[in-house]
Amino acid sequence: MSQFKQLTEAVTKGDINKAVAETQGAIDAGSNVQSIIDDGLISAMDEVGERFSKGIIFVPQMLRSAKTMQECMKLLEPLLKEGEVTTKGKVLIGTVKGDLHDIGKNLVSMMMEGAGFTVTDLGVDVPPEKFVQKAQEIEPDIVGMSALLSTTMPAMPQTIEALRKSGIRDKVKVMIGGAPVTAKYAQEIKADSYAPDAGSAVAEAKKLLGTS
Ligand code: B1M
């Protein structure tokens, strides 16, 4: 059983005060930050997703749990930084058009920043044109897209096509991720890289830019 059972329960119930206190307690006890995120917080969101699928909870409760996780992440974010000064590369990231899920994307951004990348986050519901416009402006090394809904995954190839049409597809590496996304899908849509979680996203980014 996870050592973060109380934390997981508090996030699942959307009890912000308890979850924040549990997170602080785990930090003070010297727990590994990645384990707090993986075993305490993400496992809670998986449980929330299952309950939603079964019709036990509904969107308001899902939102409350998401807010609870975000409050806990505020305590953990500073601890994720590796304290590097030089930038490993520029990353432009966003959740694709039609999709409002941002917890995973934010986690990827934080981990990337923590590992020394400069991250520009376009937020959620980002249309292909916006990815293109910002990419033209800041000339990133990597364009990262997140999607949590099977219905919004097609916005990924649409964005890749928009990058191609604007002549910048060959100047950037495209990384994709999100719960329904797979390595096979990344291959199909000719993305350069896929990562199943935030830690692997950092490793993949380093690999893509030859800085690992
Ligand atoms: Co929604 N939702 N949701 N939701 N939600 C899911 C995704 C769902 C699986 C729940 C379920 O039915 N079991 C389901 C999708 C089914 C599908 O299409 N396959 C679903 C649904 C149906 C919906 C709505 C349609 C519900 C409705 O209104 N009827 C609606 C859609 C709204 C929209 O986007 N247009 C909706 C709404 C919401 C809330 C707003 C209430 C809330 C989001 C709040 C927010 O993000 N600010 C919400 C939540 C919280 C969830 C669940 C419970 C949790 C998602 C999450 O934050 N996980 C989710 C169930 C689940 O995933 N277990 C669910 C934790 C997060 C850390 O993981 O995002 O996977 P994840 O990110 C990981 C990896 O995927 C990876 O790294 C991250 C960290 O390790 N990763 C990348 C992510 N992006 C990456 C990018 C990369 C690389 C790796 O490179 C660039």
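The coordinates are above.
Residues numbered from 1 in each chain as written. Predicted model: local features only at pLDDT ≥ 70, side-chain atom pairs only at ≥ 80, totals over all residues. Heavy atoms only, no water.

Draft legend 1. Quick peek at the pattern of salt bridges. If you walk through the whole model with that rule in mind, you get eleven salt bridges. One salt bridge connects glutamate 22 with lysine 18, and the closest N-O pair in it is separated by 3.6 Å. Taken as a pair, glutamate 22 and lysine 18 lie in helix α2 (residues 16–28) at a separation of four residues, close to a single helical turn. Since its relative accessible area comes to 33%, lysine 18 is described here as partly exposed. Of the charged contacts in the structure, one is a salt bridge between lysine 134 and glutamate 137, with a shortest N-O distance of 3.2 Å. Residue lysine 134 and its partner glutamate 137 are both found in helix α6 (residues 128–138); the two are separated by three residues, about one turn of the helix. In this structure lysine 134 comes out as partly exposed when scored by relative accessible area, which is 22%. Taken together, the shared-partner salt bridges connect Lys67, Glu71 and Lys74 into one network. (Salt bridge = Lys/Arg side-chain N within 4 Å of Asp/Glu carboxyl O. Helix = DSSP H or I, 4+ residues; strand = E, 2+ residues; numbered from the N terminus. Buried < 20%, exposed > 50% of the residue type's maximum accessible area, 1.4 Å probe, protein only.)

Draft legend 2. Region of interest: the coordination of the cobalt atom of the ligand. Counting protein donors around the cobalt atom of the ligand gives one, His101 (NE2), at 2.2 Å. Counting through the fold element by element, histidine 101 comes out in the loop between β1 (90–95) and α5 (103–114). (Donors = N, O, S within 2.8 Å, 3.2 Å for Na, K, Ca; no water.)

Draft legend 3. The sheet that holds strand β2 (residues 118–121), seen in detail. With respect to topology, five strands assemble into an open sheet ordered β2-β1-β3-β4-β5, the strand pairing being parallel. The strands lining the two open edges of the sheet, one partner per strand, are β2 and β5 (193–194). Across two bridges, strand β4 (residues 173–177) lies against β5 in parallel orientation. Residue pairing for β5: isoleucine 176 is matched across the bridge by tyrosine 194. Strand contacts of α6: β1, β2 and β3 (142–146), with the helix running at about 165 degrees to β1, the strand carrying the most contacts. Lying over the sheet, helix α7 (residues 155–165) contacts β3 and β4, oriented at roughly 155 degrees with respect to β3. (Pairing = 2+ DSSP bridges. Contact = heavy atoms within 4.5 Å. Axes fitted to C-alpha atoms, helices over the stretch in contact; angles between N-to-C directions.)

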